[in-house]
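# Observations on chain architecture
Listed below are the residues making up each chain.
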Amino acid sequence: MPDPGSFEFGPFTLDADKHVLWKAREIVPLTPKAVALLEALVDRGGDVVLKQELLSRVWPDAAVEEANLSVTVAALRKALGPQADGASYIQTIPSRGYRFAAPLRSNTVAAPRLGIAVLPFVCLGPETEAHLGVALADALIGRLTEADELLVRPTGAVARYAEFPCPPRQAALELGVDAVVTGTIQRADRRVRVSIQLVPLPAALRP
């Protein structure tokens, strides 16, 4: 049986440490991608998870289409079946993504985590290579994910802002986070100057 600290919903228990879904005393046969998708949805506790974020988290090392996500969602829904009231465990949010739509019970008490996204750094000056903006953001994302109190969006979810930048608060709303980290990078001769700013989303607009 799964260890304490797993999540429970309906007749199911999700052991996120072992990446196993139980129903009573039986393991539910799921593909690794289906389990990863379920973990991503449960991890957000009922909040909407954008399609791009799910693609980045479930397929971190592959470029896949939304059709792959739709197929995996359908397989997961089939394995879970309906809730007691007939509703699906996974709700589709048109043109946005999906959310886990059932009450969760956890055997552990965890402090709320701050949702944060690191946007690609803006490259200043002709001597600054364009790729450094995403590379520096990726390095910072890697360090921030080590903090248990933070829920950090993956690089794949923010990379598009290198080509299509927007105001920080707009990006925070699109990514569903409490704050974004923005910055600039400038190379001049042998010196590199980096500037970083944390832009919080007003409490009234937070997810």
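Residues numbered from 1 in each chain as written. Predicted model: local features only at pLDDT ≥ 70, side-chain atom pairs only at ≥ 80, totals over all residues. Heavy atoms only, no water.

Note on placement: E8 falls in strand 1 (residues 7-9). In this structure, the C-alpha to C-alpha distance between E8 and V42, residues 34 residues apart in sequence, is 9.9 Å. (Helix = DSSP H or I, 4+ residues; strand = E, 2+ residues; numbered from the N terminus.)

Another point: the pairing of strand 6 (residues 90-93). A regular strand places its side chains on the two faces of the sheet in alternate fashion. As paired elements, strand 6 and strand 7 (residues 97-100) share four bridges and run antiparallel to each other. Along strand 7, the bridge assignment pairs T92 with Y98. Between strand 6 and strand 7, which follow one another and run antiparallel, lie three residues, and S95 among them has a positive phi close to 65°. (Pairing = 2+ DSSP bridges.)

Below, the discussion takes up the sheet that holds strand 6. Spatial strand order, 5-7-6: three strands in an open sheet with antiparallel pairing. In this open sheet, the two edge strands, each paired with only one partner strand, are strand 5 (49-50) and strand 6. Across the sheet, helix 1 (residues 32-43) touches strand 5, strand 6 and strand 7, and the angle it forms with strand 7 is around 70°. Most of the contacts of helix 3 (residues 66-80) go to strand 6, to which it runs at about 150°, and overall it touches strand 6 and strand 7. (Contact = heavy atoms within 4.5 Å. Axes fitted to C-alpha atoms, helices over the stretch in contact; angles between N-to-C directions.)

On to the packing of aromatic side chains. Under the counting rule described, the total for this entry stands at five aromatic pairs. An angle of 65° between the planes, with centres 5.5 Å apart, marks the rings of F9 and Y89 as edge-to-face. Taken together, the positions of F9 in strand 1 and Y89 in the loop between helix 3 and strand 6 put the pair 80 residues apart, joining distant regions of the chain. For the pair shown, F9 and Y89 are each scored as buried. Following the ring pairs from residue to residue traces out a cluster consisting of F9, F12, Y89 and F100. (Phe/Tyr/Trp six-rings, centres within 6.5 Å; stacked < 30°, edge-to-face > 60°. Buried < 20%, exposed > 50% of the residue type's maximum accessible area, 1.4 Å probe, protein only.)

At a minimum axis distance of 9 Å, the contact between helix 1 and helix 3 shows a crossing angle of 85°. In this view, helix 1 runs roughly perpendicular relative to helix 3, as classed from their interaxial angle. Of the residues in helix 3, those in contact with K33, A34, L37 and L38 of helix 1 are L69, T72, V73 and L76. Grouping the amino acids of the contact of helix 1 with helix 3 by side-chain chemistry returns six nonpolar, one polar and one charged. (Parallel < 35°, antiparallel > 145°, perpendicular 65-115°, else oblique. Nonpolar A, V, L, I, M, F, W, Y, C, P; charged D, E, K, R; others polar.)

Bringing the pairing of strand 3 (residues 20-23) into the picture now. By the bridge criterion, four bridges tie strand 2 (residues 12-15) to strand 3 in an arrangement that is antiparallel. Each bridged residue has a counterpart across the sheet, and for L14 the counterpart in strand 3 is L21. Taking the residues between adjacent antiparallel strands as the criterion, strand 2 and strand 3 are bridged by four residues, where H19 takes a positive phi near 60°.

Another point: the environment of E174. Mapped onto the secondary structure, E174 falls in helix 6 (residues 168-175). Overall, E174 belongs to the partly exposed group, its relative accessible area being 31%. Taking C-alpha positions, E174 is 9.5 Å from R96, a pair spaced 78 residues apart along the chain. Among the polar contacts made by the side chain of E174, one reaches the side chain of Y161 at a distance of 2.6 Å. (Polar contact = N/O pair within 3.5 Å; in protein donor to acceptor, adjacent residues only side chain to side chain.)

Along the polypeptide, I116 turns up in strand 9 (residues 114-118). A C-alpha to C-alpha distance of 9.7 Å links I116 and V199, two positions 83 residues apart in sequence. Sequence-distant contacts of I116, that is, excluding residues within four places in its chain, are made with L150, L151, V152, R153, V177, A179, V181 and L198.

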